[in-house]
Each structure stands twice: as structure tokens, then as C-alpha cells.
Amino acid sequence: MDLLDDFDRVRQTFAELSDVGKRLDSTLAEEAPAIQPAAASYDLPSLSVEVTVRQAARGRGQVVAAACAADTLVLATSKGFLLRYQWDEYGNEKVSEVELTKPDNRIKSLYIDPRGAHVLACVKTANNFELLYVHSSWAKPRQLSKLKGLAVTAVGWQKQPSSGEDEQQQQQQQQQRPGSGSSRSKGAAAAGEGAEEDELLFSTGDIILGSGSGSLHTTCQEARAKREGAASLLLDFKDKRKAMCSIEQEQLPGGRRLVMMATPSALYIAAGGPGLQGLFGRYAAASVLQPLLEVESPSLHSQLRLLRGSLPGALPSRFAWLVGGLLLHGHLLLAEMAGDAAVADGQEYVGDMRQLALAEAGSSPEDEPHALVCSTYHYLLLYGDRLAAINQVSGKVVSEISWGPGSHTPGIVGQPLGLLQDAASGAVTLWSGESLHEVAVSNEDKDMWRIYLEHQCMWRIYLEHQDYANALKLAAGSAQRDIVYQSMGADAAAAGDFKAAGAHYGRIVGGKPPFEELALLLVEAGDPEALQIFLNTKLQVLGPNDKAQATMVAAWLTELLLDTINRDLLAAAGQHTPAYKAHVAQLRSFLSDNAAVLNWGTTTALLEGYGRLGELEGFAAAKGDQEALLEYLMRNKDGATRALGVLRKPSVGPQLVYKFAPELLAAAPQETVDFLIAAGSTLDPRQLLPALVRFGEPGTPAAKREQALRYASFALDHLRCNDSAVANLAVALLSLEEDEGRLLDFMSRARNPLRKPLFDAKYALRLAKERNRRHACVKLLCELGLYEDAVPLALAVELGLAKAVANSPEDDDALRRKLWLSIAKHVVQGDGGDGSSAGADGPDQAARIKMAVELLKEAGGLLKIEDILPFFPDFVTIDAFKGAITDSLTRYNRQIEELKGEMDEATEIAEAVRRDLKLLQSRTAVVSSRQVCVACNRCILDPPPNPLKLPCGGAVPPFYLFPTGQAFHVLCAAAEVVQYGGDLRAKEVKLLLQKLSRLEPAAAGSTGAAAGQGSDQQQQQQQQQKAAVAELAAQLEAKVGCEDPWNGELLVRLIDMPFVAENEKDTDSWKI
């Protein structure tokens, strides 16, 4: 690798290359035709494969995964075992095994750290994925439960300790100073390395875990810790197509990190810090991280390898990415730029990227390599049937080993499955399901100087001889290829072939000569097609970082293509000739392929200026900016129909429909409503209200109003929309019609399952009043329960309507009677309502009397003749009311008889109650000495526990016996009342107990002998004390002994009381 680095530095200096070319001109001029890169005159290296372990699985099934590092090789077998192979300096083999998982589970992948101490295994169980961690000193694995379910497909190990970077730089500086090789310095360095090694042997450091779902996680595991380390998410692409295949991380000075990630179709690089969290914290979303390289055909065998120098701890200088049938490789400028803190993007560390085709275009995945390792000067590639070595400089296959049908390769046991390389020793291992093989490349560096010499100088010799194909083949880097393309373009321009010159000039990427100079040359040539070829080629070679130039070139090309189409039309007098159709197809293809770099404003202005509306629609579809296209179409007179065609496309979201619905309904109401109905439930009717609500205002054309009503009816009837705003829109539209039939029918139908109106009744009533829709007003007043307001309005419309309103409140007879009275008053007194017209006899009065009598029948007994008589004048012939008066008297007699019966029944009930009360006064109960208090479980004659410290003793009664058969100590029953009976009742109970406790128990009854011996004054005092005790005991009984505390009203009140009060401390323990 030192030789390779030296030649890389030489290649970067153009002056040195020129000097080498001049010195070799005289010696190589005669031999140039004989020097062929494909048949070089040097000794080719050769591959060899030798079996090292024949029975690698050691009876534990088949080998399913493998990894190696630091002279340690670990194997995972199909029976769930981990085998660790180690070799000492004499080649002696040592094998240890650990049972990872059950044989029913399958080990998907295996990873080992660069020091060979830590192993991670991803295991597929029956229902999930598990990640196991094993240290070299452990006899059993540790399951990382925090990462359970994560399908790990790649691991990026930390190669250097975070705290040892500055120390390592100091040691390198000491080695460059005089005296740095003293025994003391060397001893200190060795001690420092030993301390770091001990630290890294028992800690994984910050490792990166890549998953099959496209997410990145980080964790750190300590072997000496009893618990697993923490894990956190770094980045998530949320796309299984971006599953992680390979991850490499490097530590840069200042705590910065460099991470490279390979997916099946892209290679990413990121740099920053401090640490991994600081690096990935810059990317709020995974879409912000742009790929360094990307291929069209993804491959599951995507692998990334980093190539390092020979010095210990050296940063990688090159990378190689194997993806499908391609090998993409380039330089990493870490040694030159690692200390530059101004580097903000990881892609700035990459230079001189190249591509090597390993399989022919269109080949099957079986013909592509699926494993890659890098030796000093060669790429070793594992195919399904062979192992090949390819020179890193020439790109030629120098040696192959084949197996399978038709070939006999001694030394290979089983079908090879993978290729491993020990980063420390460089040893390459080929493993199969049965055995391990050592792969060696002999004569690897033989005559490498000659290969470098050919590739650095031969391109100039071919260039001088105008052999441009071979010159391009051997040119190293874009600068040399630009010189070749410039010569090719100049020769073509000198020959008058400006089309070929444009194709060659367009491939120059270095900017010398400048783009403007080349474009001006082709413009002056007067060949528009040559200019198009130049711009098209230039657009293809521009990279992702040249977006501004790509946009400018694409805009220029668009204008040239439009000008070509315009000239075709002018030449053919407007006829669509085959040339015109071909150029139109070319323009459409160009707009579709380059939509990402074309500026919307510039491109649409060009297409609109040339009248290419069809291409404008296609460009908008390719650009994904349908909104701008719709805005353009709506500016045209007949654009509404075309805009509806755009909105019908599945790629157009509903938000655009909501935005342009007002303009579309105004321009083409019927077509727009047809489109909205066809869209069905994909559109939210509420979001369309801003476009429809203006049709509910007076003065709107009936045709447009009918279309808006059509969609509102569709939303309510077919979409089952229960939004009140949509129903209000329908009411507003229908209230504009002179005929109230459809409005009344809608208000009857627009109901939810509970028969509540979908529309806002108050809003609908306001509209009905403003627009003089009296039938609707009556219906809405009834809906709101305003029957007293509805009847006068109904009487102004129709008497039958008023009668229907009066019968509406079915459960309120008083209200119905009041409504019927208002109707009767209106009928009897006529339109005047003041009785003035009823003063004289005449035919009108007779008719009103007849109608009033009929109202008595229709009211269903709610009105009586005496209710309506006050409405008539004082002098009215009674003959007209004879029948009604007779019916009224009959009804009164019947009611009187019913009242008599009820009174007799009430008397009997009262007598029965009196008898029961007398029986209760003489009711007795027997209390046993073993009767217990149900509250404290103590004998009723024993003192109660009294947990509330209530006043006791004195004349306080000992116990209560309730009709339920339960007995309570008085203090126990009082405690229940104090706790749950309320503050006021508790205060009264405590006061009564306190007063009774102060009185003597002897005062509760006379002592017999003392009653006759004391003076009259003493007897009087005893009687007063006895009366006081009885009164207090009666009051206490009313508060406490009136009911069983456990079976009375007190218990019923506790039903809605919470188990834990809000002010108690353990409230959180009851939360669900």
C-alpha cells in the first residue's frame, strides 16, 4: 500500500506526469505498439486455496455464519452453537464453544469486533428477532432485550478508544523527534497501549447497528457490567429498500466521526461530531442525508470495504463498494483533511471515484459476485462457481479458481459460502458449510511498478497518436479524460463535424476550457442540433452538486427544442409532419426525464409562450406540481374542463380539489358536481363547504343553486354525512325556493338515528323568517319547543295547521290545553281578537259557535264548555251550547263519584296505618348476652373500641337493636353516622353524646327506696334529671338509632362516594 500511495501522489501532479512522459517518449516510442494493457509483460499473481479446518462445525450441524478478527475466527452453526477458533504464533489451534440459542431458532448473521473480544449474533426466532452479545470470556450469551425485534444486518465497530486519540497523536510526534526511540519512551508507549487494550477488551465502545428496515441504532456493552447497556435510535430511513448491508465508522481528531453506510442501492457518507449523537443529530430526517453513490439495480450482496496503509492505527485511504455487477472505488482524503474542522460534509473527504464492471449488462444475479475482500494490490471476489483476483490498478482478472460441475479444484471441501479477511493480519479465509480454507495470493507485488507506469504514461502516448479509445481507457482521473475529450472535440470541429464536437465537448467536467467558451463556439458554428447535442451531453455528465448549472442547461435545451418545433410548423404551414411529431416526442421525453432539474417558473413560461399546453400538463405531472398547472388552466377561458381532467388523476390529492372547487363550481357547476359525486367518500363534504355556501345566498342563479343542492343531498343521503354544516347548506338552498314542499320534506328526513335534526334549528328558523317561509317557521318553532309562538303563526296560515301544533306536545296536557284555548279564542272572537265583532247575533256568530263546539270534541277532553264561554259576549242564546253543557255536567258527576271512591280508599288506608303504629309501640325484642355488635364484633354488653374517641360513659345508652335484627354499640353506630352522615349531623351527635356522658346513670331511673325518703325538693330534682336524660336519649335516638346504619338511607347515600378521597395521599395508586 505504500507503493500505491506514492503513485497516487505522483498522479496528482500534472507537471511530474508530463516530465515522465517526455523522458519515456524516446524509449517507449518503438515499443508502444507491443505494450498492451490486456497482455502485460509481467509475472501474474496466482491464487491458492488450502483446507485449514476440515470439520469446522465439529458435529454441531452446518456452518451458517462466520466472522474473523485479531487471529480469531467465530462460526455459528445450524444447531445454535458459537465456535471460536484461535491460533497462536506457532499455528496451534484452540477451539471453544458457546450455546447461543435453541436449535429451532436460526442464526441470521454474526459480527466480531476488531479486537476479537466481542461477538454479536442476530437470531431469528419463531415470532421475532433477538440480538445476543457474547464476550470472549463468557460461557453463555446475554440477550439484549432493549434491542429485541431489531433485525440487525450490519454492525459498525468502534476501532479506537475515544480517550486515546490525543495520546496516540502525542506518541506519533515523539517518534518523529530525536531520541524518540529510547527504551524509556518505548516502554511508556507500550504501557499506554496496554492500558487501552485492557479497556477495549471489556467494552465494545459506541457501536452502530443497522437494521433490515433502514434504521440505525447505537449501543455500548460492558462485559464487566451485570446489565446490558443503553440503546438509542440514531437515524431511520423508514424504508426496507434502504436496509443496511455494511457499516464502517472511523474516529477523527477532535471527537469527530466518519460513518460510511452501504444499502442495496446506495452508498452514504456522513461526518461530524462530537460523537455519534452529534453526527446524526444534524439530520432531523433521513431524507436530508443524500447518497454519495447510487445505482439503478439494487443488490442484496452490497458490501463496503476500507483499505488502510501499513502503519498501525492509520486512517483508511481508499474504499471499495461491491454492488451487483459493479465495483465502485475511490480515495478517502482522511489523512490530508482529518484535522480540518471546516469540513462539514462527509462527501468532501472522497475523491477520484471510479467504476469497474464485473458482469455484463443484463446478467442474472447468479453471475454477480457476492463477497469481496481487498488485499494489498488486488480485489478478491467470490462468485457462485469461482474465486477471482482482479488487479486494483488495471482492473484485469489476473487469477481464478473454479469449482462446481466440470471443474476439479483440489483442496476445496463443500460449496463456498463466504469470504473473510482478518484486518489485523490480512489473512483471507474461504468458508463453506463444512470447512475453512486459507486463501493466498502469491507474487502479488511482482512488477507492480510496470502496471503503474503503463497507466500513468500510456494514455498520453495514445493521445499523441490520436488513439482516443485507448487514451480514455488508460486516463487516470477526470483531468486527464478532459484533455482527451478536448482533443477529440477539436479534431471533430476542425473536420466540420460539429455534432461530434458537441458530444465530446459536453463530456468535459473540469471547467477547462469554460462552458461558455465551448457553447459560444458551437453557437457561432450555426448548427442548432450540434448545440443541442452539446447541452444534452453536458446535462448527463453533471453531478448532483451542479444543480444550478444543470437547471440553466436544461432551460436552454427546452428553449432550443421549442424553437425546433416552431420552425417545423412554419416550414410545413402548420401541418404535423413526421419531423414535427418526432421533435414533440423528444420534447416530452426531455421534460419527463429532467423534471427534477427544470425550474417550474421558467419552463412553464416557455411552454405557455409557445402554446404547448399538452406538454405543460405532462411536465406538471412529471414535476409533481399539479397545483401550478391547475392555476394556469383556470386562467384560461375553457380551462375548467381540462382542470377537472387533471383532478381526476389518481396522483392528485383531495387538497387540490378543495382549493380549486370554488373556481370550478363558478365556471362549470354541473361538470364539477358530477366529478365531486364520482369521487364519493374520497372527499370530505365539509371541506367543500366554502365553495358551495355562496350558492345559498339570495340572487344566486337557480341552475347553480340546483347543482349545489344536488351535491349536498348526495353527501347527506349516500355518504351518510351527519355534519350539521352540510345540512344547514341544504336548508339555505331549499329556503330560496317559493314552494316550501321540498324544504318541509327535507326537514322531516334530515334526522339522526335518535330523530334529532341534522341541521341547526335556530339557524334554519332565522332563514325561514327572513325569507317568509311560514310553514317552515311553524315546523321549526315546534322543533324548538316554542309551541306558544307556533300556534299564532299557524293560525295566520291555516286553522288545521294550528290544530296539529296544539296536539304536538303529547306529554304535557297543561300546555296542550293552553294551546287549544288560544285556538278557541281565535275561533270565537274572530280575526279582531277583542270581542267587538261578537256583540250582535248573526250568521257569523252561529258559525263561530259551531266551530267552538267542534273544537271541544277535537281537543280530546282538554277543553270544557266553561273554558270557552268567557270568550263569547254576555248575551248569547244558550240553545247552541245545550249539548256541550249536558256533556260537561255528566262529566262532572262522574268525576265526583270517582273522588268519593278515592276518599273512601284513603280512609281505609289511614285506619290501617294507625293500627300498625299501635302494634309497633308494644313490639319487644330479646337480646342475648352473646349478641355481638356487627360493627366491632364484640359482645353487645362489653365496652366498644371507640376508635373515633367519642364521648362515652355517663348516661350514654349501651346499645341499639334494630328491626333488621342487627345490634350496634351506641358508640359504634354513632361512629358510622359521624363518618358518613355529613358534618352537621356529626356535630349534633357529638354534642348529644357529650351531654349524656356528663349525666349520672342513676338519673335514668328511680331507686325505689330513695324515692320515698327524700324531700320533695330532691324528688323534684331527680324527676328533672330523669326528664333531661330521656329527652337527650330521644334526640340521640332520632339522630343515630332511627335506622340501621348498614341497611338504611345512610348506606344508600354512600353509593356515589369514591373509595379514595381527593385529598388522600394514595390517590395515584387507584389510577388505571
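Since this is a predicted model, take the numbers as computed values, not measurements. (Residues numbered from 1 in each chain as written. Predicted model: local features only at pLDDT ≥ 70, side-chain atom pairs only at ≥ 80, totals over all residues. Heavy atoms only, no water.)

*Asks:* Would you mind showing me how to read the pattern of salt bridges here?
*Replies:* Pairing between side chains of opposite charge can happen when the charged atoms of each approach one another. Inspection of every chain in the model, using the stated rule, returns 25 salt bridges. The shortest N-O distance in the salt bridge between R241 and D239 comes to 3.2 Å. For R241, a relative accessible area of 65% gives the class exposed. A salt bridge links R612 to E615; the shortest N-O distance between them is 3.2 Å. Assigned by exposure class, R612 and E615 land together as buried. (Salt bridge = Lys/Arg side-chain N within 4 Å of Asp/Glu carboxyl O. Buried < 20%, exposed > 50% of the residue type's maximum accessible area, 1.4 Å probe, protein only.)

*Asks:* Would you mind showing me how to read a nonpolar patch on the surface here?
*Replies:* Nonpolar side chains collect at one region of the surface, where I909, V913 and L917 lie side by side and expose about 270 Å² of accessible area between them. On the accessibility criterion, L917 (47% relative accessible area) is partly exposed. (Patch = residues over 30% accessible without salt bridge, like charges linked within 9 Å, V, L, I, M, F, W, Y side chains within 5 Å. Areas by Shrake-Rupley, 256 points an atom, 1.4 Å probe, with all protein chains shown as cover.)

*Asks:* Hey, could you run me through the packing of helix α34 (residues 983-998) against helix α36 (residues 1016-1039) in this one?
*Replies:* A pair of packed helices is characterised by two quantities: the angle between their axes and the separation of those axes. The N-to-C vectors of α34 and α36 enclose an angle of 150°; their axes lie 10 Å apart at closest approach. Considered as vectors, α34 and α36 are oriented roughly antiparallel to each other. Classified by chirality, the crossing of α36 by α34 is left-handed. Taken together, the residues of α36 that come into contact with α34 (itself represented by R985, E988, V989, L992, L993, K995 and L996) are V1029, L1032, A1033, Q1035, L1036 and K1039. A per-class count over the contact of α34 with α36 returns 8 nonpolar, 1 polar and 4 charged. (Axes fitted to C-alpha atoms, helices over the stretch in contact; angles between N-to-C directions. Helix = DSSP H or I, 4+ residues; strand = E, 2+ residues; numbered from the N terminus. Parallel < 35°, antiparallel > 145°, perpendicular 65-115°, else oblique. Left-handed = near helix turned anticlockwise from the far one by under 90°. Contact = heavy atoms within 4.5 Å. Nonpolar A, V, L, I, M, F, W, Y, C, P; charged D, E, K, R; others polar.)

*Asks:* What should I look at first to understand the sheet that holds strand β15 (residues 257-262) in this one?
*Replies:* Strand pairs in the sheet, formed through backbone hydrogen bonds, run parallel or antiparallel to each other. Taken in spatial order, the 4 strands line up as β14-β15-β16-β17 in an open sheet, and their pairing is antiparallel. The open sheet has two edge strands with one neighbour each: β14 (246-251) and β17 (293-294). As judged from the 6 bridges shared by β15 and strand β16 (residues 266-272), these two strands associate in the antiparallel manner. Bridging across to β16, M261 finds its partner in Y268. (Pairing = 2+ DSSP bridges.)

*Asks:* How should the side chain of H437 be read in this particular structure?
*Replies:* Summarising the element assignment, H437 is placed in strand β28 (residues 436-442). A residue is classified by how much of its surface remains accessible, and H437, at 0% relative accessible area, is buried. Beyond its immediate stretch of four places on either side in the chain, H437 contacts V49, E50, V51, T52, G411, I412, V413, V428, T429, L430 and S432.

*Asks:* Got a minute to help me understand the pairing of β16 in this structure?
*Replies:* Two faces make up the sheet, and in a regular strand the side chains alternate between them. By the criterion of burial, β16 is predominantly enclosed, with 7 of the 7 residues buried. On β16, burial covers both faces: A266, Y268, A270 and G272 on one face and L267, I269 and A271 on the other are all buried. Counting the residues in the hairpin turn of β15 and β16 gives 3 residues. Direction of pairing for β16 relative to β17: antiparallel, over a ladder of 2 bridges. Of the residues in β17, the one forming a bridge with L267 is L293.

*Asks:* Honestly, α34 in this entry has me stumped. Any pointers?
*Replies:* The periodicity of an α-helix, 3.6 residues per turn, causes residues three or four places apart in sequence to face the same way. Across its 16 residues, α34 extends 23 Å between first and last C-alpha, which sits within 8% of the 22 Å expected from 1.5 Å per residue. Looking at the buried residues of α34, the elements they touch are α33 (970-980) and α36. (Expected span 1.5 Å × (residues − 1).)

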